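Structural overview for review
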Amino acid sequence: MGQEIKKEVESRHMILLSSVFGPYAKDDIYGSRKINPMELYHNQVTRVQGPFSIRMFHATFGLRCLQANIDAPCTVLDFPSQERFIQELKNYQYTLVGISSIVVNIGRVKRMCELIRQHLPTAKIAVGGHITNIPDLSEKIDADFIVKGEGIQWFREYLGQDVNKKIYHPLVYSAFGGRTLGMPFSHKPGETAAILIPSLGCPIGCNFCSTSAMFGGRGKSIVFYDTGEALYNVICKIEEKLNVQSFFVLDENFLLYKTRTLNLLDLMEKNNKSWSFMVFSSAQVLSSYTIDQLVRLGVSWVWMGLEGKESQYAKLHGIDTKQLIKSMQNHGIRVLGSSIIGLENHDSNNIREVIDWAVNHDTDFHQFMLYTPIPGTKLYEEHKNDGSLLPLNECEYADIHGQYKFNFKHKRILEGKETGYLLRAFKEDFAVNGPSIARMINTLIQGWKMYKNHPDKRIRNRYIRECRKLSTTYAAAIWAFKKWYKDDKIMRDKMNIVQKKLYEEFGLKTRIAAPIIGSIIHFSCKREQAQLDKGKTLEPQTLYVKNKYAADIDKNRPYKDFTDFSIAGWVTFEPDGSVEY
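Residues numbered from 1 in each chain as written. Predicted model: local features only at pLDDT ≥ 70, side-chain atom pairs only at ≥ 80, totals over all residues. Heavy atoms only, no water.

1. Topic: the side chain of H410
As for its placement among the helices and strands, H410 is situated in the loop between α15 (378-385) and α16 (417-433). Of note is the side chain of H410, whose polar atom sits 3.0 Å from the backbone oxygen of L343. Beyond its immediate chain neighbours, meaning those up to four positions away, H410 contacts G342, L343, E344 and H346. (Helix = DSSP H or I, 4+ residues; strand = E, 2+ residues; numbered from the N terminus. Polar contact = N/O pair within 3.5 Å; in protein donor to acceptor, adjacent residues only side chain to side chain. Contact = heavy atoms within 4.5 Å.)

Right under this line is the structure:
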């Protein structure tokens, strides 16, 4: 009976899940903005670092989570062009089309709904993601369903499937299309971290955080694993399937659940697992661990909210963030600090002090964002209630992304000034601290010197893995940076200090390799800068992924018109495309 029901479900439904169409890094009628490209780092972190900027794209992980948990033919079309999206609608008789989007892309979602009605008039349309927090969204777009929050339960109910069935984790690499210094990242097995999603939301619930608000707000979150054992098991399966030892943990505050974390650490040590974790964490939570615990756990990279000097947020109270960051860097843990421009107490008189405070943390990377009330957040409601939100004809949804201007009337900052303040923060950080890649290399060499001879082979092996490029590629990059800054004594001296550490540590081999490879990197940077000066932008490649049910239907269909990304190693066609939580 169970198999008959399953076959009936599979035959009645055929699902397409799509992100919004591109191109993205350009100004257009659908709401894309050149200032807001589909690149997390180049958009919000290394924005002004030119050829030294980190360039990469990230798959729409929410769609892959949904696909891994749908017992019906399901295709994911990620980063399509409008033409490619239309082609997909024409090629298959989908019964349901799901679109995932953030607030800024409402114009694209509206257009996609129109295209679905035109080419698949019988299909139902479901829209999910942060866009669902827009007030009266159902009146602004032609969709059948607005799916708020976590979507797995909704899809299972819609499909008539067991909502209590076990959850499956998708097999997805954390990034693709990476490049820096004018050259692409390596795509060798194990070079790119896998994505790991332990939970959704953050119970700390900062008033500006749209992710926390989307999944319940303060005090709430959706936890997929409540024990270290459950977490350990899923990581083992991802490690086996994708041949990785590094994991980008897509969780707002992964280390918050300390009992689970220490249980995971115990299992890692018992089973000799030398994993690396890139995590998001608040300063308060980080301070609850010893450095020894963080190192043994494999925390190699931390994205930490600094917010701003004298900010209201309890997660920072009583924490010496500069000392905390310095301590982690001394042990090889790279830190991405995140600061806000435009908090309630910021004005023209103290903005320089605000920026200097952030810059003086000397993090490896630094994100700057404007204080932005995103629909759905507590901050948005506060500004809505006091009448300070700007009307949409003054700041449309496409510009509410934190990298351009306020969508509210700031009490202490004149309208339009915030754009310059934000850009000043990026430029100041780059001018004072130099390229983020050079900072990262300096942090790595400190970790290497401290742990290269550690008695615990598990820890020693991790540092060997993470620091393996120091003696060649990274040393060459520092050589190239030093030449780039030949007319800037202060920055050249900073590069010279790092270079000296590398030469002392790795000797003649590195002294020979650095200028040879460095000359190539220097030339590549000059070429990249010339292309950037001409307005060069990057766009993500379209990803096209089918689950086993959709793949079975398509066994006899040619793929000539599709991008089979599995060849590049980004998509894994396992029997079920997933691993169990």
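Structure shown, so let's carry the discussion forward.
2. Considering the environment of P51
Tracing the chain through its elements places P51 in the loop between α2 (40-44) and β2 (55-57). A residue is classified by how much of its surface remains accessible, and P51, at 3% relative accessible area, is buried. For the pair P51 and L181, spaced 130 residues apart in the sequence, the C-alpha separation amounts to 5.1 Å. Ignoring any residue separated from it by four or fewer positions in sequence, one finds P51 in contact with T180, L181, G182, W484, C525, E528, Q529 and L532. (Buried < 20%, exposed > 50% of the residue type's maximum accessible area, 1.4 Å probe, protein only.)

3. Re the confidence of the model for the protein chain
Predicted coordinates in areas of low pLDDT are best not read in detail. Mean pLDDT over the protein chain stands at 90; residues scoring 70 or higher make up 92%. Note on residues 1-10: pLDDT is under 50 here. Beyond four places in sequence and across chains, it has 8 contacts. Confidence over residues 558-581 falls short of pLDDT 50; this stretch has 65 contacts with residues more than four positions distant or in other chains. (pLDDT = per-residue confidence, 0-100.)

4. A short note on the sheet that holds strand β3 (residues 74-78)
Strand-to-strand pairing in sheets goes through backbone hydrogen bonds, with the strands running parallel or antiparallel. The strand order β6-β5-β4-β1-β3-β18 describes an open sheet built from 6 strands, whose pairing is mixed. A single partner strand is all that each edge strand has here, and the edge strands are β6 (145-147) and β18 (543-546). The sheet shows a mean angle of 20° between the axes of neighbouring strands, direction not considered. Sheet analysis places strand β4 (residues 96-100) next to strand β5 (residues 124-128), joined by 5 bridges and oriented parallel. Opposite S100, over in β5, you have G128 as the bridge partner. (Pairing = 2+ DSSP bridges. Axes fitted to C-alpha atoms, helices over the stretch in contact; angles between N-to-C directions.)

5. Digging into the pairing of strand β17 (residues 365-370)
Taken across its 6 residues, β17 has 6 buried, putting it largely inside the fold. Neither face of β17 is exposed, since F365, Q367 and M369 on one face and H366, F368 and L370 on the opposite face are all buried. Relative to β17, strand β16 (residues 334-341) runs parallel, the two being bridged by 6 bridges. Directly across from S339, in β17, lies its bridge partner F368. For the crossover from β16 across helix α14 (residues 351-359) to β17, the handedness is right-handed. (Right-handed = clockwise from strand over helix to strand, strands pointing away.)

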